[in-house]
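Working through the structure, step by step
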Amino acid sequence: MEDHDKFKSGIRSIYRLLSTLMVLFVITALGIIYLINDPTLSFFKGVETTEEYVQIETEDDFDKIENGIHVRTGFKDAEGLMTVVNNCTNCHSAQLVIQNRMNEERWIATIRWMQETQNLWDLGKNEEIIVNYLVSNYPPKKKGRREILSNIDWYELKE
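Position numbers for residues start from 1 in each chain and track the written sequence from start to end. Local features in a predicted model are, by the rule used here, given only for residues with pLDDT of at least 70; side-chain atom pairs are given and counted only at 80 or more, and totals for whole chains, interfaces and linings are based on all residues. Note that water and hydrogens are dropped before the side-chain values are worked out from all heavy atoms of the structure.

Re the packing of aromatic side chains
Inclusion rule: Here is the rule: rings of Phe, Tyr and Trp (six-membered ring for Trp) pair when centre to centre is within 6.5 Å. Planes less than 30 degrees apart are stacked, more than 60 are edge-to-face, and the remainder are tilted. A run of H or I in DSSP becomes a helix once it reaches four residues, and a run of E becomes a strand once it reaches two; helices and strands are each numbered from the N terminus. The cut-offs for exposure are 20% and 50% of the maximum accessible area for each residue type, with area from a 1.4 Å probe on protein chains only; residues under the lower value are buried, those over the upper are exposed, and the others partly exposed. Look at NZ for Lys and CZ for Arg. If either is within 6 Å of the ring centre and within 35 degrees of the ring normal, a charge sits over the ring.
Evaluated as defined, the whole model comprises 3 aromatic pairs. Look at Phe75 and Tyr133: their rings are 6.1 Å apart centre to centre, the planes differ by 85 degrees, and that puts the pair in the edge-to-face class. With Phe75 in the loop between strand S2 (69-70) and helix H3 (81-88) and Tyr133 in helix H6 (residues 126-137), this pair connects stretches of sequence that are 58 residues apart. Its relative accessible area of 0% is what places Phe75 among the buried residues. Taken together, Phe75, Tyr133 and Tyr138 form an aromatic cluster joined through their ring pairs. The positively charged end of Lys76 is found above the aromatic ring belonging to Tyr138, 5.2 Å away from the centroid.

Section: the pattern of salt bridges
Close approach of charged atoms lets side chains of opposite charge pair. Using the following cut-off: Within this document, salt bridges are pairs made up of a side-chain nitrogen of Lys or Arg and a carboxyl oxygen of Asp or Glu, the two lying within 4 Å of each other.
Summed over the entire model, instances satisfying the criterion amount to 3 salt bridges. Its salt-bridge partner being Glu127, residue Arg112 comes within 2.9 Å of it at the nearest N-O pair. With Arg112 in helix H5 (residues 104-117) and Glu127 in helix H6, this residue pair connects regions lying 15 residues apart in the sequence. Its relative accessible area of 34% is what places Arg112 among the partly exposed residues. Residue class for Glu127 comes out buried when judged on its relative accessible area of 13%.

Overview of the side chain of Thr83
Rules: Should any heavy atoms of two residues lie within 4.5 Å, those residues are counted as being in contact.
Within the secondary structure layout, Thr83 lies in helix H3. Judged by relative accessible area, Thr83 falls into the buried class, the value being 19%. Ignoring anything within four residues of it in the chain, the contact list for Thr83 reads Asn126, Ile129 and Ile130.

Side note on the nonpolar core
As a reminder of what qualifies: Think of a nonpolar core as a cluster: buried Ala, Val, Leu, Ile, Met, Phe, Trp, Tyr and Cys residues, connected wherever their side-chain atoms sit within 4.5 Å.
The biggest cluster of nonpolar side chains holds 19 residues, and the ones touching the most others in it are Phe75, Val84, Tyr133 and Leu134. Mapped by element, the contributors of at least two residues to this core are H3, helix H4 (94-99), H5 and H6. Apart from the residues lying within four places of it in its own chain, the contact partners of Tyr133 are Phe75, Lys76, Ala78, Glu79, Gly80, Leu81, Val84 and Tyr138.

Things to note about the packing of H3 against H6
Axis angle and axis distance: for two packed helices, these are the angle between their axes and the distance between the axes, and together they describe the pair. The following threshold applies: Here the axes come from fitting lines to C-alpha atoms, over the contacting stretch only for helices, and the angles between their N-to-C directions go from 0 to 180 degrees. In this scheme, roughly parallel covers angles under 35 degrees and roughly antiparallel covers those over 145, while 65 to 115 is roughly perpendicular and the rest are oblique. Polarity classes work like this: nonpolar for Ala, Val, Leu, Ile, Met, Phe, Trp, Tyr, Cys and Pro, charged for Asp, Glu, Lys and Arg, and polar for all others, with Gly in that last group.
It is the contact of H3 with H6, at a shortest axis distance of 9 Å, that shows an interaxial angle of 110 degrees. By the angle class used here, H3 and H6 are roughly perpendicular. Mapping the contact onto sequence places Leu81, Thr83, Val84, Asn87 and Cys88 in H3 and Asn126, Ile129, Ile130, Tyr133 and Leu134 in H6. Of the residues contributing to the contact of H3 with H6, the split by class is 7 nonpolar, 3 polar and no charged.

Things to note about the packing of H5 against H6
Applicable threshold: Crossing handedness follows the turn of the near helix against the far one: under a right angle anticlockwise gives a left-handed crossing, and clockwise gives a right-handed one.
Relative orientation of the contacting elements H5 and H6 amounts to 130 degrees, with a least axis distance of 10 Å. Relative to H6, H5 is oriented oblique. The way H5 lies across H6 gives a crossing that is right-handed. Taking contact as the criterion, the partners of Glu104, Trp107, Ile108, Ile111, Arg112 and Gln115 in H5 are, on H6, Glu127, Val131, Leu134 and Val135.

Focus: unusual backbone geometry
With a phi angle near 50 degrees, Asn67 is a residue other than glycine that sits in the positive phi range. Looking at the element boundaries, Asn67 is found in the loop between strand S1 (65-66) and S2. Of note, the phi angle at Asn119 is positive, near 65 degrees, even though the residue is not glycine. Looking at where Asn119 falls in the secondary structure, it is placed in the loop between H5 and H6.

Let's talk about H6
Every α-helix carries 3.6 residues per turn, so stepping three or four residues along brings you back to the same face. Basically, it comes down to this: One less than the residue count of a helix, multiplied by 1.5 Å, gives the span that helix is expected to have.
Between its first and last C-alpha atoms H6 spans 16 Å; for 12 residues at 1.5 Å apiece the expected length is 16 Å, and the two agree. Turning to H6, the residues buried within the fold contact H3, H4 and H5.

Shown next, in the form of structure tokens:
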């Protein structure tokens, strides 16, 4: 009889341990689900009523040119600008285009690569307009070991 009581006591201990572990698991799972849905923990911060207003650009502001620069993208205002904006900025930033200064051959090779690997559509007659715009406005920079220093305030060393 004594063995039977020990066995029952052992089972109760295991049952309590498993029950405790299950409760901890459920609490942890609920906490993770809450964090996924509300990572700011706003429930614990009280109710905040902040309203944000976003200024919607008017049609005139959307393609505004200031000082020869297309404000929204940073592209230079020149023939073919809107063709470049409409085709290039659908997939990536205008800054990516601007920083990649290339000659005509390299731009065409880059376009082919984008068509083969990045699902760029056939540009048709727009390809020539785009390449001409980019080569004219963002040609490769000629540089040697380093770019020439500019805007330097020189001073004389004192002995």
